[in-house]
Amino acid sequence: MNKTIDLVAIGRAALDLNSIEINRPMEETESFRKYVGGSPANIAIGQAKLGQKVKFIGKVGDEHHGRYITKYMEDAGVDMSDVVVDNEGHMTGLTFTEIKSPSESNIIQYRDEVADLYIRPDEVKEETIASSKILLVSGTALAQSPSREAVLYAIDLAHQHDTRVIFEIDYRPYTWKSAEEVSVYYTLVAQLSDVVIGTRDEFNMLENSEEADNAKTVEKLFNYRPELIVIKHGVQGSHAYTKDGQVYDGKAYKANVVKTFGAGDSYAAAFIYALNQGKGVEDALKYGAASAAIVVSRHSSSEAMPTVDEIEALIIEQDGSL
Ligand SMILES: Nc1ncnc2c1ncn2[C@@H]1O[C@H](COP(=O)(O)OP(=O)(O)O)[C@@H](O)[C@H]1O
Ligand SMILES: O=C(O)C[C@@H](O)[C@H](O)C(=O)COP(=O)(O)O
C-alpha cells in the first residue's frame, strides 16, 4: 500500500498537570498548568511539529479531558480520526509533575481504569498501519489487556505491511503486576521490533536484571528482529548500536534546565524524524539530543516540542555546524 503517513503512534494520550511553582516539592505546590501528555502523544505532537504526517491510535475518556486532548492534538497536526472515545465510563489518565530542582523532577500518575488501556484489537484499523512508514509502540500500552492485545495485533499488521516497528520502552511503574510480567512483554515486543529505544534502567526492566551491560543487552536482541538499538543515559548522553556492529556515541547538549521530564519523548520525536529524512544514525543522535535540550529548558513535554529550525540552530550554536 502507498505509505502516505510517516508515523502512527499507539498508546496513551493523557493529561500532564505541571507544577507552576518550580523548584518546590509537590507537598508545597498549589498550582498546576494543564498540557497534553502521555509519551506516545508527546512523540506524535513532536513529530507533527517537525513537519511529519502523523496519526494516533488510542482511546480517550468521554469527558472534558478526552475532548481537550483530541482537539489539542488535531490542532497540532496529528490525525486523530482513529482515536476511539470510551463508552464504558473509563476516564482519561492524569499525571502530576513535581519540579523540585533543575536536576530532580518526579511524576505521580493516576492510571487505574484509564481509558487508554481499554483499546481493543478490533479498534485498530489495518489500513492505518498499512499506510504508515512507522508504527511507534509505547511500552506502557502493554501493561494491561485489552490494550496489550491491541498493540500485539498492530505489530502483526505492521509486519504484514512492511511498516517499521519502533518500540519506545516507556516504562511506568503503574498497572503492571510484577517485574516478571514487565520483562516477558517488553522482551517479546523488543524481539518483534525493528528499532528499540529506552533508558538503561528501562532495559534493566526488560531483562529483569541489574547487570546493566549495554554490549550484552544488544547482543541478545540482535539475535531477533531489531536492527538498531538506542540506550539512553540521561545527561550523560546515549549510545546507538546497529546489527552490523557499529556503535555510535551521542552527547547531551548544554541546556538551561527547567525540569528533566520530557527529555525522552522529545529525543524520540527528533531521532525518528532524522532517520526518516534519510540522515545517518550519528546525525539522528544529534537531532534527538538537541530536541531534548530544548524541551528540558521549557515547561511542558508537548507544547514545548521544537521545530526543525530550532533544533538545527542549537546544533550549530553548540557544535559550530550541522
Ligand atoms: N539535563 C539535561 N540536559 C540536556 N539534555 C538532557 C538532559 N537530560 C536528558 N537530556 C537528553 O535527553 C536524552 C534522553 O534523556 P533520558 O533522561 O536518558 O531519557 P528519559 O527522559 O526517557 O528518561 C539524553 O540522551 C540527553 O541527550
Ligand atoms: O508519559 C506520560 O504519561 C507522562 C509524560 O507526559 C510526562 O511529560 C513525562 O513524564 C515525559 O517524560 P519523558 O519520558 O522524560 O519524556
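Residues numbered from 1 in each chain as written. Chains lettered and ligands numbered in written order. Predicted model: local features only at pLDDT ≥ 70, side-chain atom pairs only at ≥ 80, totals over all residues. Heavy atoms only, no water.

Looking at the UniProt feature "domain: Carbohydrate kinase PfkB" (unreviewed entry) in the protein
And step 1. Here the UniProt-annotated "domain: Carbohydrate kinase PfkB" (unreviewed entry) positions come out as residues 6-307.
And step 2. Annotated as 33% helix and 24% strand, the span residues 6-307 places its first and last C-alpha atoms 17 Å apart. (UniProt positions renumbered as here; feature names shortened; annotations may be inferred. Helix = DSSP H or I, 4+ residues; strand = E, 2+ residues; numbered from the N terminus.)

Observations regarding the nonpolar core
And step 1. Phe56, Met73, Val78, Phe271 and Ile311 are the most contacted members of the largest nonpolar core, which has 51 residues in total.
And step 2. Of all hydrophobic cores here, the second largest spans 34 residues; its members include Ile155, Val189, Phe222 and Ile229. (Core = buried A, V, L, I, M, F, W, Y, C linked by side-chain atoms within 4.5 Å. Buried < 20%, exposed > 50% of the residue type's maximum accessible area, 1.4 Å probe, protein only.)

Considering the packing of aromatic side chains
What describes a pair of aromatic rings is the distance from one ring centre to the other and the angle between the planes of the rings.
And step 1. By the definition in use, this model includes eight aromatic pairs.
And step 2. Arranged with centres 6.3 Å apart and planes meeting at 35 degrees, the rings of Tyr68 and Tyr72 form a pair that is tilted. Of the two residues, Tyr68 and Tyr72 both sit in helix α2 (residues 64-75), four residues apart, roughly one turn of that helix.
And step 3. Put simply, the rings of Phe167, Tyr171, Trp176 and Tyr186 pair up and form one aromatic cluster.
And step 4. Its guanidinium or amino end placed over the ring of Tyr185, Arg148 lies 3.8 Å from that ring's centre, counting from NZ or CZ. (Phe/Tyr/Trp six-rings, centres within 6.5 Å; stacked < 30°, edge-to-face > 60°. Lys NZ or Arg CZ within 6 Å of the ring centre and 35° of its normal.)

What to know about the site of ligand 2
And step 1. Not every one of the 16 residues close to ligand 2 is listed here, only the nearest: Arg12, Asp16, Gly38, Asp265 and Ser301.
And step 2. Within the contact set of ligand 2, an oxygen atom lies 2.6 Å away from a side-chain nitrogen or oxygen of Asp16.
And step 3. Within the backbone of Gly38, an N or O atom sits 2.8 Å from an oxygen atom of ligand 2.
And step 4. Burial of ligand 2 by the protein chains amounts to 90% of its free accessible area of 410 Å².
And step 5. Elements with a contribution of two residues or more to the shell around ligand 2: α1 (39-49), β9 (104-110) and α8 (263-276).
And step 6. For the shell around ligand 2, the element with the most residues is α8, which contributes three residues. (Near = heavy atom within 4 Å. Polar contact = N/O pair within 3.5 Å; in protein donor to acceptor, adjacent residues only side chain to side chain. Areas by Shrake-Rupley, 256 points an atom, 1.4 Å probe, with all protein chains shown as cover.)

Some details on the site of ligand 1
And step 1. Taken together, 16 residues lie around ligand 1, and Lys232, Gly234, Tyr253, Gly264 and Ala292 are the ones closest in.
And step 2. Within the side chain of Lys232, an N or O atom sits 2.9 Å from an oxygen atom of ligand 1.
And step 3. Protein chains bury 83% of the 550 Å² of accessible surface belonging to ligand 1 in isolation.
And step 4. Elements with a contribution of two residues or more to the shell around ligand 1: α8 and α9 (281-296).
And step 5. A class-by-class count of the residues in the shell around ligand 1 yields nine nonpolar, six polar and one charged. (Nonpolar A, V, L, I, M, F, W, Y, C, P; charged D, E, K, R; others polar.)

So, helix α5 (residues 179-191)
And step 1. Between its terminal C-alpha atoms α5 stretches 18 Å, which fits the 18 Å expected from 13 residues at 1.5 Å a residue.
And step 2. Taken together, the buried positions of α5 are Glu181, Val182, Ser183, Tyr186, Val189 and Ala190.
And step 3. In the core, the buried residues of α5 are packed alongside β10 (132-138), α4 (147-160), β11 (164-168), β12 (195-199), α6 (200-207) and α7 (214-221). (Expected span 1.5 Å × (residues − 1). Contact = heavy atoms within 4.5 Å.)

Overview of the sheet that holds β12
Strand-to-strand pairing in sheets goes through backbone hydrogen bonds, with the strands running parallel or antiparallel.
And step 1. The mixed open sheet is built from nine strands, whose spatial order is β6-β4-β1-β10-β11-β12-β13-β14-β15. Two strands bound the open sheet, and with one partner strand each, they are β6 (78-79) and β15 (247-250).
And step 2. Two strands pair when backbone bridges link them, and β10 and β11 are joined in this way by five bridges, in the parallel orientation. The residue of β11 that forms the bridge with Ser138 is Glu168. (Pairing = 2+ DSSP bridges.)

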